[in-house]
Amino acid sequence: MKTNDIFNFRRFGRYFTSDLSTCWSNYGLSLLTISILFPVGTYFLTNVFNLVLRSTWDGPDIGLRSFIFIVATICLVVTMPVKCYGKITEKQYGSFFLTLPASRLEKFVSMFLMTCIIVPVLGFALHLGTDAIICALDHTCGKNLVAGAAELIRNIGDMTELTMNFVDESITIENAALVQDILGQINNPWMYIDEIFGITLPFLLGAIYFKNGKTVKTILVLFAISMASSIIMTPFLENWAAEIVKNANADTNTILQMFNNGIFKNLVLIDTVSDTVFNLALMAGIWFRIKTLKH
């Protein structure tokens, strides 16, 4: 088989443009509603309640707006794959999908880009941009979400502030450095890039695998996997958790020393490897579903 039969950049460009147009037609209004109406609606509803209950004009604080952002993200992740790709399990649309002039790999890459990158980035940009405009026009809202997140990252990464937060001055330099290293790993934004894939890919797989009840069945499968993972991991974490409870009343240095183990010292590596394995398994499932799709 020739390379061009597997992946041709010009052909992929045409197909991706068509896929983008189709997805926008099916999901564009929902995207705008979730990304723009959510922050705008929260702003006006909060002010209405404040006017009625307290007779003051006071916009939503950053805590409420962060919660709404999380809710909007979940709605975006759950609804987009079904709207854009859920119809390929139907006979008429599925047959049309199979006859499109593109290879399986090109269709797979287009699905991945649309679901995991294009739509999430566009949704985040619209939501955060709308939030920034609202906060710029009404200072009662405080900092916008981007500025608040940047400040939080700076505070966590600030060693001086971290040290000042310790009330126990007897903490050793080694333990302070250990905590700083752990927090530094958690504070790394790149650590969470693969989390976006891990959230969106299951719903894409569910959208093209299940013929009906796609979202509900996907959530049920994720719940079952979560329960099984908890049962499997419990024996490994039981001793460590028991040690934490046992030393709950110990001095600060003793408590911090419990974090000096392989799990926390290699937190980024463990998280990256586990997320990568999970995402690759989901991508393999999507690939074979496209490959075996028949009508």
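A few points on the structure. (Residues numbered from 1 in each chain as written. Predicted model: local features only at pLDDT ≥ 70, side-chain atom pairs only at ≥ 80, totals over all residues. Heavy atoms only, no water.)

### Examining the pattern of salt bridges
Here's step 1: Tallied over the entire structure, the rule returns four salt bridges.
Here's step 2: A salt bridge links Asp 58 to Arg 54; the nearest nitrogen and oxygen atoms lie 3.2 Å apart.
Here's step 3: Measuring nitrogen to oxygen at the nearest pair gives 2.7 Å for the salt bridge that ties Asp 131 to Arg 65. Of this pair, Asp 131 sits in helix H5 (residues 104-137) while Arg 65 sits in helix H3 (residues 62-85), placing them 66 residues apart in sequence. (Salt bridge = Lys/Arg side-chain N within 4 Å of Asp/Glu carboxyl O. Helix = DSSP H or I, 4+ residues; strand = E, 2+ residues; numbered from the N terminus.)

### Observations regarding unusual backbone geometry
With glycine set apart, most residues show a phi of negative sign, and most peptide bonds adopt trans.
Here's step 1: In this model, Ser 55 sits at a positive phi of 55 degrees, which is unusual for a non-glycine residue.
Here's step 2: By the element assignment, Ser 55 lies in the loop between helix H2 (9-54) and H3.

### Here's the deal with the state of the cysteines
Here's step 1: By the definition in use, this model includes one disulfide.
Here's step 2: Bridging Cys 23 to Cys 84, the disulfide has an S-S length of 2.0 Å. Judged by the torsion about the S-S bond (65 degrees), the Cys 23/Cys 84 disulfide is right-handed. Here Cys 23, found in helix H2, pairs with Cys 84, found in helix H3; they are 61 residues apart in sequence, far enough to count as distant. Residues Cys 23 and Cys 84 agree in their burial class; the two are buried.
Here's step 3: With no disulfide of its own, Cys 135 lies 4.8 Å from the sulfur of Cys 141, the closest cysteine sulfur. (Disulfide = S-S within 2.5 Å. Buried < 20%, exposed > 50% of the residue type's maximum accessible area, 1.4 Å probe, protein only.)

### Digging into the packing of H3 against H5
Here's step 1: Viewed as axis vectors pointing N to C, H3 and H5 meet at an angle of 150 degrees, and their least axial separation amounts to 10 Å. When the axes of H3 and H5 are compared, the pair comes out roughly antiparallel. Classified by chirality, the crossing of H5 by H3 is right-handed. Side by side, H3 and H5 meet where Arg 65, Ile 68, Phe 69, Ala 72, Thr 73, Leu 76, Met 80, Pro 81 and Tyr 85 of the first sit next to Ser 110, Met 111, Met 114, Thr 115, Val 119, Pro 120, Gly 123, Phe 124, His 127, Leu 128, Asp 131 and Cys 135 of the second.
Here's step 2: Residue composition of the contact of H3 with H5, grouped by class: 14 nonpolar, five polar and two charged. (Axes fitted to C-alpha atoms, helices over the stretch in contact; angles between N-to-C directions. Parallel < 35°, antiparallel > 145°, perpendicular 65-115°, else oblique. Left-handed = near helix turned anticlockwise from the far one by under 90°. Contact = heavy atoms within 4.5 Å. Nonpolar A, V, L, I, M, F, W, Y, C, P; charged D, E, K, R; others polar.)

### Regarding the nonpolar core
One broad trend across soluble globular proteins is that nonpolar side chains are buried collectively.
Here's step 1: Judged by nonpolar contacts, the single largest core of 30 residues is most densely connected at Tyr 27, Met 80, Tyr 85, Phe 97, Met 111, Ile 208 and Ile 286.
Here's step 2: When residues of this core are traced back to their parent elements, those giving at least two are H2, H3, H5, helix H9 (193-209) and helix H13 (267-292). (Core = buried A, V, L, I, M, F, W, Y, C linked by side-chain atoms within 4.5 Å.)

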